[in-house]
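Below are the chains, spelled out letter by letter.
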Amino acid sequence: MGVIQRNAIESWTKLEPRPEIILLGNDEGTMELARGLGLRHLPNVARSDHGTPLLGNLFRQAEAAATWPYMCYVNADIILLSDFLRAAKIVQRKFSKSLLVSKRINLDIAEKLNFGTRWEEAIKLRASATGKDEHYTGIDVFVFPKGMYPQIPDFAIGRLWFDHWLIKAVREQNLPVVDASLVAPVLHQNHDYGHVAGGKEQVWRGEEAERNFQLYGGVEHAYTLLDVTHEVTFDGSIRRVRFRKPLFKIRQFAWEIFVRRTGTFRKVLGLRKEFRRTADNRSS
């Protein structure tokens, strides 16, 4: 985790212009990394009964400390590229009050990255060759103006559902939620859950995950990347997104009916055709 987090945070320092970076929490190595990279560090974050940092306190501290009017919350295993910063600027010019999100591409990275002159080109090639798109429910980065979230429930960070709530809260204000996935996906470094007591089971189905679910609203995946209102296009414009969720559900239904459920039949049919071809070849 130490290597992964250093890769992520160092990638943020390579953005131009360099953003103001604030690390929150007192996890092992955080203070040393902040000092080494010249970053601000806020160690004292409110925690749950399980010792997990709470989203509301984290956001309030960050907004109070930040110099600039726009904020970006990003998980510390996410590599950001210059494309993402360009997309954020496009959205801010169009919508002064909005939320920017993007999909993530999952990568296996175990080594410390070399941030040389062409590091972005190298990591993009790696992502293209071996990366895998995350499910539309996985969201790890949020750009928004200060004041977008005046009241935030006590979500436990690193557990499910708080990311979906961040979209929900903006949609309920009738403000744009813009997807940068086409032009600026972010890169997620795969890892296990050894840093969490109870491991993956605790993250996905533990008591804090259940509490987050109730705070979110108790409806699975009601606000995800399928629920954005706009998207950034390849030509740098922003277009309205219409019918993404119903179209996705139609495609999902068609796959279930015509592909998955007919798999056995198609396999048998394929074997019969192969048998006939073999028999025809022998007879000829």
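What counts, and at which threshold
Residues numbered from 1 in each chain as written. Predicted model: local features only at pLDDT ≥ 70, side-chain atom pairs only at ≥ 80, totals over all residues. Heavy atoms only, no water. Helix = DSSP H or I, 4+ residues; strand = E, 2+ residues; numbered from the N terminus. Buried < 20%, exposed > 50% of the residue type's maximum accessible area, 1.4 Å probe, protein only. Contact = heavy atoms within 4.5 Å. Areas by Shrake-Rupley, 256 points an atom, 1.4 Å probe, with all protein chains shown as cover. Pairing = 2+ DSSP bridges. Expected span 1.5 Å × (residues − 1). Core = buried A, V, L, I, M, F, W, Y, C linked by side-chain atoms within 4.5 Å. Salt bridge = Lys/Arg side-chain N within 4 Å of Asp/Glu carboxyl O.

Draft legend 1. Representation of the overall build of the protein chain within the structure. The number of helices and strands found in the protein chain is ten helices and twelve strands. Here the protein chain holds 284 residues, and 45% of them are scored as buried. For the protein chain, the proportion of contacts with a sequence separation of at least 24, taken over those separated by at least 6, is 73%. Surface summary for the protein chain: the accessible area is close to 16200 Å², and the carbon and sulfur share equals 52%.

Draft legend 2. Broad picture of the pairing of strand β10 (residues 186–189). Burial of β10 is two-sided: the residues V186 and H188 facing one way and the residues L187 and Q189 facing the other way are all buried. Pairing geometry for strand β4 (residues 78–79) and β10, over two bridges, is antiparallel. Bridge assignment links I78 to a residue of β10, and that residue is H188. Summarising the sheet, strand β6 (residues 104–107) and β10 pair through four bridges and their orientation is parallel. Bridge pairing in β10 places N106 opposite H188.

Draft legend 3. A look at the environment of L33. Tracing the backbone shows L33 in helix α2 (residues 30–37). Classification of L33 by relative accessible area gives buried; the value is 12%. Taking the C-alpha atoms as reference points, L33 and Q5, 28 residues apart in sequence, are found 9.6 Å from one another. When near neighbours in sequence (up to four residues on either side) are disregarded, L33 contacts R6 and I9.

Draft legend 4. Layout of helix α3 (residues 55–65). Within α3, eight of the eleven residues are buried, leaving the element largely enclosed by the surrounding structure. Within α3, burial applies to L55, G56, N57, L58, F59, A62, E63 and A65. Residues of α3 that are buried sit in contact with β1 (22–24), β2 (40–42), β3 (70–74), β8 (141–145) and α6 (162–171).

Draft legend 5. View of helix α4 (residues 82–94). Between its first and last C-alpha atoms α4 spans 19 Å; for 13 residues at 1.5 Å apiece the expected length is 18 Å, and the two agree. Among the residues of α4, those classed as buried are D83, F84, L85, A87, A88, I90 and V91.

Draft legend 6. Here's a closer look at the nonpolar core. F59, L99, V101, F142, F144 and Y149 are the most contacted members of the largest nonpolar core, which has 37 residues in total. Looking at this core, the element that brings in the most residues is α6, giving six residues. Not counting chain neighbours up to four residues away, the residues in contact with L99 comprise F142, V143, F144, M148, Y149, L166, I167, V170, P176, V177 and V178. Counting 29 residues, the second largest nonpolar core, distinct from the first, contains W12, L37, V91 and I238.

Draft legend 7. Region of interest: the pattern of salt bridges. Scanning the entire structure with this criterion turns up 15 salt bridges. The salt bridge involving R6 is made with E10; its shortest N-O contact spans 3.7 Å. Placement of the pair is R6 and E10 together in helix α1 (residues 2–13), with a separation of four residues, close to one helical turn. Where E111 meets R126, a salt bridge forms, and the shortest distance between an N and an O atom there is 2.7 Å. Note that E111 is positioned in the loop between β6 and α5 (119–130) and R126 in helix α5, a separation of 15 residues in sequence. On the accessibility criterion, E111 (34% relative accessible area) is partly exposed. Judged by relative accessible area, R126 falls into the partly exposed class, the value being 26%. A single salt-bridge network, built from bridges that share partners, covers D179, E231, R239 and R244.

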